[in-house]
Amino acid sequence: MKLKAIDYKHYNHSVGLACVHIVWIPKRRKRVLIGDVATRCREIFYELAIEKEWEIKALEIAPDHIHLFICHQPDYAISQIVQAFKGRSSRYLRREFPHLLKLPSLWTRSYFHTTAGSVSSKVIMEYINDPHHNTH
């Protein structure tokens, strides 16, 4: 059995793919991510991803929430990634758009995340259990 060809990332001591889907909302679920704020938020996210060498696979900025699907190096915790995006965007957006200062903070402390693999657990189990894979 062959696994589907995937663009795995090569690091110093590992090869793999670390991708995560993250969702978070503005404080009080206010619909503030519109117009120039949404445009600037998108710019900030892409600038940060380039700087950190993360790959944004998908990004949706809705008026009251963010969906981010990102692939990252394995030495970053999901919480570090969320903090990087929330921290920088809050700092820059609140400085550039003073009306956002009416909120006690731009983002809630909460977020949703789920890791995403490129193959299902069933495919991995079949690969590992394949008699051709066993060298004994």
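For the structure, check the block above.
Residues numbered from 1 in each chain as written. Predicted model: local features only at pLDDT ≥ 70, side-chain atom pairs only at ≥ 80, totals over all residues. Heavy atoms only, no water.

Participant: Just to check I follow, could you spell out the side chain of arginine 94 for this structure?
Facilitator: Residue placement: arginine 94 occurs in helix 2 (residues 78-96). This buried residue, arginine 94, is left without a salt bridge; glutamate 96 holds the nearest opposite charge, at 12 Å. Those residues in contact with arginine 94 that sit more than four places away from it in its chain are Ser89, Leu100, Leu101, Leu103, Pro104, Ser105 and Leu106. (Helix = DSSP H or I, 4+ residues; strand = E, 2+ residues; numbered from the N terminus. Buried < 20%, exposed > 50% of the residue type's maximum accessible area, 1.4 Å probe, protein only. Lys, Arg positive; Asp, Glu negative; His and termini not counted. Salt bridge = Lys/Arg side-chain N within 4 Å of Asp/Glu carboxyl O. Contact = heavy atoms within 4.5 Å.)

Participant: What should I look at first to understand the nonpolar core in this one?
Facilitator: Across soluble globular proteins, nonpolar side chains show a tendency to be buried alongside one another. Counting 30 residues, the largest nonpolar core has Trp24, Phe45, Trp54, Ile66, Ile70, Phe85 and Leu93 as its most contacted members. Taken together, the elements giving at least two residues each to this core come down to strand 3 (18-24), helix 1 (35-52), strand 4 (55-62), strand 5 (65-72) and helix 2. At seven residues, the largest contribution of residues to this core is made by helix 1. Filtering out sequence-adjacent residues up to four positions away, leucine 93 remains in contact with Val37, Arg40, Cys41, Ile44, Leu100 and Leu106. (Core = buried A, V, L, I, M, F, W, Y, C linked by side-chain atoms within 4.5 Å.)

Participant: Is there a simple way to think about the packing of aromatic side chains in this case?
Facilitator: For any two aromatic rings, the description comes down to two numbers: the centre-to-centre distance and the angle of the planes. Summed over the entire model, instances satisfying the criterion amount to five aromatic pairs. Summarising the aromatic geometry, the rings of tryptophan 24 and tryptophan 107 are spaced 5.8 Å apart at their centres and angled 85° between planes, so their arrangement reads as edge-to-face. Of this pair, tryptophan 24 sits in strand 3 while tryptophan 107 sits in the loop between helix 2 and strand 6 (112-116), and the two are 83 residues apart along the sequence. Both residues of the pair, tryptophan 24 and tryptophan 107, belong to the buried class. Ring centres 5.0 Å apart and planes at 85° place the aromatic pair tryptophan 54 and tyrosine 76 in the edge-to-face group. A residue pair is termed long-range when its members are at least 10 positions apart, and tryptophan 54 in the loop between helix 1 and strand 4 and tyrosine 76 in the loop between strand 5 and helix 2 qualify at 22 residues. (Phe/Tyr/Trp six-rings, centres within 6.5 Å; stacked < 30°, edge-to-face > 60°.)

Participant: Mind showing me how you'd approach the packing of helix 1 against helix 2 here?
Facilitator: Helix-helix packing is described using two parameters, namely the angle between the two axes and the distance between the axes. Between helix 1 and helix 2, the least distance of the axes is 10 Å, while the angle of their chain directions is 140°. Compared by their axis directions, helix 1 and helix 2 come out oblique. The handedness of the crossing between helix 1 and helix 2 is right-handed. Packed against helix 1, whose contacting residues are Val37, Arg40, Cys41, Ile44, Phe45, Leu48 and Glu51, the element helix 2 presents Ala84, Phe85, Arg88, Ser89, Tyr92, Leu93 and Glu96 at the interface. The residue inventory of the contact of helix 1 with helix 2, partitioned by class, reads nine nonpolar, one polar and four charged. (Axes fitted to C-alpha atoms, helices over the stretch in contact; angles between N-to-C directions. Parallel < 35°, antiparallel > 145°, perpendicular 65-115°, else oblique. Left-handed = near helix turned anticlockwise from the far one by under 90°. Nonpolar A, V, L, I, M, F, W, Y, C, P; charged D, E, K, R; others polar.)

Participant: Honestly, the sheet that holds strand 3 in this entry has me stumped. Any pointers?
Facilitator: Paired through backbone hydrogen bonds, the strands of a sheet run either parallel or antiparallel to each other. Judged by pairing direction, the sheet is antiparallel, and its four strands sit side by side in the order 4-5-3-6 without closing on themselves. For this open sheet the edge positions go to strand 4 and strand 6, each flanked by a neighbour on one side alone. Between one strand axis and the next, the sheet turns through 10° on average, direction left out of account. Where strand 4 and strand 5 come together, seven bridges link them in antiparallel fashion. In the sheet register, isoleucine 56 faces strand 5, and the bridge partner there is isoleucine 70. This element, helix 1, spans strand 3, strand 4 and strand 5 of the sheet and lies at about 165° to strand 4. In the packing of helix 2 onto the sheet, the strands contacted are strand 3, strand 5 and strand 6, and the crossing angle to strand 3 comes to about 50°. (Pairing = 2+ DSSP bridges.)

Participant: It is not clear to me how the pattern of salt bridges should be interpreted in this structure. Could you clarify?
Facilitator: A side chain of one charge can pair with a side chain of the opposite charge when the charged atoms of the two come close. A full pass over the atoms with the stated rule returns seven salt bridges. Across the pair arginine 31 and aspartate 64 runs a salt bridge whose closest N-O atoms are separated by 3.8 Å. Of this pair, arginine 31 sits in the loop between strand 3 and helix 1 while aspartate 64 sits in the loop between strand 4 and strand 5, placing them 33 residues apart in sequence. Residue class for arginine 31 comes out exposed when judged on its relative accessible area of 54%. For aspartate 64, a relative accessible area of 13% gives the class buried.

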